[in-house]
Amino acid sequence: MKKRFTQTKSLQNTLSRYQAQVIIPHCRRCLKPCCNLTEVVLDFDWRRLVPFYQIDLGQHAFDRSLRDGSGPAHIRKQDDRYYAHGSPCPAYNSSQRRCNYYQSSAKPSNCSDFPIYLDGLSIVADKRCEAVNETDLLDTLTRIFTGRRFNMHTNRQLPQLVYIDM
Ligand code: SF4
Ligand code: SF4
């Protein structure tokens, strides 16, 4: 149990460093910024959605507006979650190409995970981000975790996702 925890922590730290050193520096010159939400979907509960999109309706009225089409077309509700897609994120400063909520707790957690994150002990690299180079990531992991064998494969249903298992 402790070994698995240490392994997860160590992988997590490696991925955070990789995001900071390889992915984030590319964001300023990215041709398809994920924050435009053309490819990527943001996921909220009601409590977080309200301040993020500055909603001045109660939840029932807002849900009704989504059902009758008078609400924002880029927000959908499924079960008790809200999904935003197809319109730039309101926290995205497109002229400076940066997130106004960077390092703030208001930032949705799936933003921090994108495009490289851990799923159990599998590393997932999302190729919707143009800075993702899975071969380079695999080389980096092999160099850092000397003696470990890694296996890379693509998700059949979602080919944009590449898995690297240890
Ligand atoms: S898609 Fe990748 S490179 Fe582009 S802005 Fe998002 S994280 Fe940065
Ligand atoms: S919260 Fe920030 S990182 Fe997340 S989509 Fe919006 S601008 Fe991008």
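All of the points below concern the structure found in this document. This structure is a prediction, so every number in the text was calculated from the model and none was measured. Every chain is numbered independently, its residues counted from 1 as its sequence is written. Chain A is the first chain written and ligand 1 is the first ligand written, with later ones labelled in order. pLDDT decides what is reported in this predicted model: residues at 70 or higher carry local features, side-chain atom pairs at 80 or more are listed and counted, and totals for whole chains, interfaces and linings draw on all residues regardless.

With respect to the overall build of the protein chain
Reasoning step 1: A run of DSSP states H or I qualifies as a helix once it reaches four residues; a run of E qualifies as a strand once it reaches two. Both are numbered from the N-terminal end. The secondary structure content of the protein chain amounts to five helices and nine strands.
Reasoning step 2: Along its sequence from the N terminus, the protein chain presents helices and strands in the succession α-β-α-α-β-β-β-β-α-β-β-α-β-β.
Reasoning step 3: Considering only C-alpha atoms, the protein chain reaches an extent of 55 × 40 × 30 Å along its principal axes.
Reasoning step 4: Two residues qualify as being in contact provided that their C-beta atoms, derived from the backbone, are within 7 Å of each other. The long-range share in the protein chain, meaning contacts at least 24 apart out of those at least 6 apart in sequence, stands at 59%.

As for the sheet that holds strand β7 (residues 122-126)
Reasoning step 1: Following DSSP output, two strands are said to pair if at least two bridges run between them. Taken in spatial order, the four strands of this open sheet run β6-β7-β9-β8, and their pairing is antiparallel. Of all strands in the sheet, those with a lone pairing partner are β6 (116-119) and β8 (151-154), marking the two edges. Each strand of the sheet is rotated relative to its neighbour by a mean of 25°, with strand direction disregarded.
Reasoning step 2: Bridging between β6 and β7 involves four bridges; their strand directions are antiparallel. Note that in β7 the partner of Asp-119 across the bridge is Ser-122.
Reasoning step 3: In the packing of helix α5 (residues 134-144) onto the sheet, contacts are made with β7, β8 and β9 (161-165), and the angle to β9 comes to roughly 15°. Here, axes are lines fitted to C-alpha atoms. For helices the fit covers the stretch in contact, and angles between N-to-C directions go from 0 to 180 degrees.

Some points on the sheet that holds strand β1 (residues 42-44)
By definition, the strands of a sheet pair up through backbone hydrogen bonds, in either a parallel or an antiparallel sense.
Reasoning step 1: Overall, antiparallel pairing links the three strands, which are arranged β1-β3-β2 in an open sheet. This sheet does not close on itself; its edge strands, each paired only once, are β1 and β2 (75-78). Each strand axis lies, on average, 25° off the axis of its neighbour in the sheet, ignoring direction.
Reasoning step 2: Summarising the sheet, β2 and strand β3 (residues 81-84) pair through four bridges and their orientation is antiparallel. Within the sheet, the bridge partner assigned to Gln-78 lies in β3 and is Arg-81.

Observations regarding the site of ligand 2
Reasoning step 1: Taken together, Cys-35, Leu-42, Cys-89, Ala-91, Tyr-92, Cys-99, Tyr-101, Lys-107, Pro-108 and Cys-111 make up the full set of residues adjacent to ligand 2.
Reasoning step 2: Looking at the shell around ligand 2 residue by residue, the class counts come to nine nonpolar, no polar and one charged. Nearness between a residue and a molecule or strand is assessed with a C-beta atom placed from the backbone; a distance within 6 Å qualifies. Each residue is assigned to one of three groups, with Ala, Val, Leu, Ile, Met, Phe, Trp, Tyr, Cys and Pro labelled nonpolar, Asp, Glu, Lys and Arg labelled charged, and all others, Gly among them, labelled polar.

Topic: the pairing of β7
Reasoning step 1: Working definition of burial: number of other C-beta atoms within 10 Å of the residue's own, with buried at 20 or more, exposed at 12 or fewer, and partly exposed in between, all C-beta atoms being placed from the backbone. Side chains Ile-123 and Ala-125 of β7 all project onto a buried face; the interleaved residues Ser-122, Val-124 and Asp-126 project onto a face where none is buried.
Reasoning step 2: Between β6 and β7, which pair antiparallel in sequence order, lie two residues; one of them, Gly-120, sits at a positive phi of approximately 65°.
Reasoning step 3: The pairing of β7 with β9 spans five bridges and is classified as antiparallel. Counted as the bridge partner of Ala-125 is Val-162 from β9.

Description of the environment of Asn-36
Reasoning step 1: Structurally, the position occupied by Asn-36 is in the loop between α1 (2-27) and β1.
Reasoning step 2: Judged by local crowding, Asn-36 falls into the partly exposed class, with 15 C-beta atoms found within 10 Å.
Reasoning step 3: Measuring from C-alpha to C-alpha, the distance between Asn-36 and Arg-143 comes to 34 Å, with 107 residues separating the pair along the chain.

Digging into the nonpolar core
Reasoning step 1: For this analysis, nonpolar core means a set of buried Ala, Val, Leu, Ile, Met, Phe, Trp, Tyr and Cys residues linked through C-beta atoms within 7 Å. By size, the foremost hydrophobic cluster in this structure holds 18 residues, and its most contacted members are Cys-34, Ile-116 and Ala-125.
Reasoning step 2: Where this core is concerned, the elements lending two or more residues are α1, β3 and β7.
Reasoning step 3: Each of domain 1 (2-30 + 105-165) and domain 2 (42-84) accounts for three or more of the residues forming this core.
Reasoning step 4: When neighbours within four sequence positions are excluded, Ala-125 is seen to be in contact with Pro-115, Ile-116, Val-132, Glu-134, Leu-137, Val-162 and Ile-164. Each domain's extent was defined by an automatic or database domain assignment.

Honestly, that's just the spatial picture; any functional story needs more than this.
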